[in-house]
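The residues making up each chain are set out below.
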Amino acid sequence: MKKRVLVTGGAGFLGSHLCERLLGMGNEVICLDNYFTGNKQNIVHLLDNPYFELIRHDVTMPFFIEVDEIYNLACPASPIHYQYNPIKTIKTSVSGAINMLGLAKRTGAKILQASTSEVYGDPQIHPQPESYWGHVNPIGIRACYDEGKRCAETLFMSYHQQNNVRIKLMRIFNTYGPRMDMNDGRVVSNFIVQALRGEDITIYGEGDQTRSFCYVDDNINGMIALMNTGDDFIGPVNIGNPGEFTIAQLADEVIRLTGSKSKIVKQPLPQDDPMQRQPVIDLAREKLGWEPNIHLEEGLIKTIEYFKTQI
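Residues numbered from 1 in each chain as written. Predicted model: local features only at pLDDT ≥ 70, side-chain atom pairs only at ≥ 80, totals over all residues. Heavy atoms only, no water.

Engineer: Describe in detail the overall build of the protein chain, supporting the description with residues and values.
Structural biologist: Scanning the protein chain for helices and strands turns up nine helices and 13 strands. Taken over the C-alpha trace, the protein chain has a radius of gyration of 19 Å; the compact-globule value for 311 residues is 19 Å, and the two agree within 12%. Among the 311 residues that make up the protein chain, the fraction classed as buried is 55%. In the protein chain, 82% of the contacts between residues at least 6 apart in sequence involve partners at least 24 apart. Surface exposure of the protein chain reaches about 13,300 Å², of which carbon and sulfur atoms provide 50%. For the protein chain, the distance from the average position of its 30 positive side-chain charges to the average position of its 36 negative side-chain charges is 4 Å. (Helix = DSSP H or I, 4+ residues; strand = E, 2+ residues; numbered from the N terminus. Rg over C-alpha atoms; globule rule 2.2 N^0.38 Å. Buried < 20%, exposed > 50% of the residue type's maximum accessible area, 1.4 Å probe, protein only. Contact = heavy atoms within 4.5 Å. Areas by Shrake-Rupley, 256 points an atom, 1.4 Å probe, with all protein chains shown as cover. Lys, Arg positive; Asp, Glu negative; His and termini not counted. Charge placed at Lys NZ, Arg CZ, Asp CG, Glu CD.)

Okay, structure coming up:
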């Protein structure tokens, strides 16, 4: 029997890949998006599938439907987008979580929250295990996203404890791949677009900040594996690639793989930008049997090919 699965933010970068995968697994998929950062182009190839439904809706408003599972991915996730309208960002995280949890409570659906490594803030523990409570500036320019996601996790846990809602908490670390927004200001898309256009590649500070880059297919594998665990495991669980690279190393790799003549230029470091970001994934290995399979070079080659079609 087909499961009816709701994906909020389904026209976004991760959401579109998730919709595609869920359909491939034989599910009926309802994609919800208000196109604040999502893009219909990401899911237009799915519209002919009779088991795919697209609804334009904002999760800050209540939504009523009968479903078996909910993946709550709706929220702008890049600094450019979430800082453009910080009130909208925090409303999406908090009101969106309340509305989707209410829906899960009413229908008995299992619900997964796409949380983020940003709940760890600028971490004082490295690498970051799920037991770390984080180091977040609650009034900084990134707080609308960081604290919004932290509050959403609190809401999920409260609905689980008080109303027995079946929840899953996933903390996503830097993810990249085809269908990233070309103008979202994230480091992988920035570098690839600048390299392909032959523009200077801008790095902030000395480029010695570290990030861990997970290819989108690996991320989706982890997301679905978490949803399919029994009710005794709710997370939170880190999903990310523990391979750690400096921003300068990433820039050099993008220049090499694109064959670009771009030069690297340095800009001042943004406020509250984390210096280190690397997941501990022991829990994902143990509980989900998951770890990433796609190495950075392989993933970058696929992502570069996609951006070549967009430029």
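Read on, since the account is not over.
Engineer: Before we move on, could you go through the packing of helix H7 (residues 247-258) against helix H9 (residues 296-310) and cite the residues and values that matter?
Structural biologist: At a minimum axis distance of 10 Å, the contact between H7 and H9 shows a crossing angle of 55°. Our classification of the angle between H7 and H9 gives oblique. By crossing handedness, the relation of H7 to H9 is classed as right-handed. Taking contact as the criterion, the partners of Leu 250, Glu 253, Val 254, Arg 256, Leu 257 and Thr 258 in H7 are, on H9, Leu 296, Glu 297, Leu 300, Ile 301 and Ile 304. Of the residues contributing to the contact of H7 with H9, the split by class is seven nonpolar, one polar and three charged. (Axes fitted to C-alpha atoms, helices over the stretch in contact; angles between N-to-C directions. Parallel < 35°, antiparallel > 145°, perpendicular 65-115°, else oblique. Left-handed = near helix turned anticlockwise from the far one by under 90°. Nonpolar A, V, L, I, M, F, W, Y, C, P; charged D, E, K, R; others polar.)

Engineer: Tell me about a nonpolar patch on the surface, and please be specific about residues and values.
Structural biologist: Taken together, the side chains of Tyr 204, Leu 269 and Met 275 make up a nonpolar region of the molecular surface, amounting to roughly 240 Å² of accessible area. By the secondary structure assignment, Met 275 is in the loop between strand S13 (264-267) and helix H8 (282-288). Residue classification places Met 275 among the partly exposed positions, given a relative accessible area of 31%. (Patch = residues over 30% accessible without salt bridge, like charges linked within 9 Å, V, L, I, M, F, W, Y side chains within 5 Å. Salt bridge = Lys/Arg side-chain N within 4 Å of Asp/Glu carboxyl O.)

Engineer: Pulling in residues and values, what's your account of the sheet that holds strand S11 (residues 237-239)?
Structural biologist: The strand order S3-S2-S1-S4-S5-S6-S11 describes an open sheet built from seven strands, whose pairing is parallel. The open sheet has two free edges, formed respectively by strand S3 (52-56) and S11, since each of these has just one partner strand. On average, each strand axis in the sheet is tilted by 20° relative to the strand beside it, whichever way the strands run. One ladder, built from five bridges, connects strand S2 (residues 28-33) with S3; its direction is parallel. Across the sheet, residue Ile 30 finds its bridge partner in S3, namely Glu 53. Helix H1 (residues 13-24) contacts strand S1 (4-8), S2, S3, strand S4 (69-72) and strand S6 (167-172) of the sheet and is inclined by roughly 170° relative to S1. Most of the contacts of helix H3 (residues 86-107) go to S4, to which it runs at about 170°, and overall it touches S1, S2, S4, strand S5 (110-116) and S6. (Pairing = 2+ DSSP bridges.)

Honestly, it's all geometry; don't read function into it.
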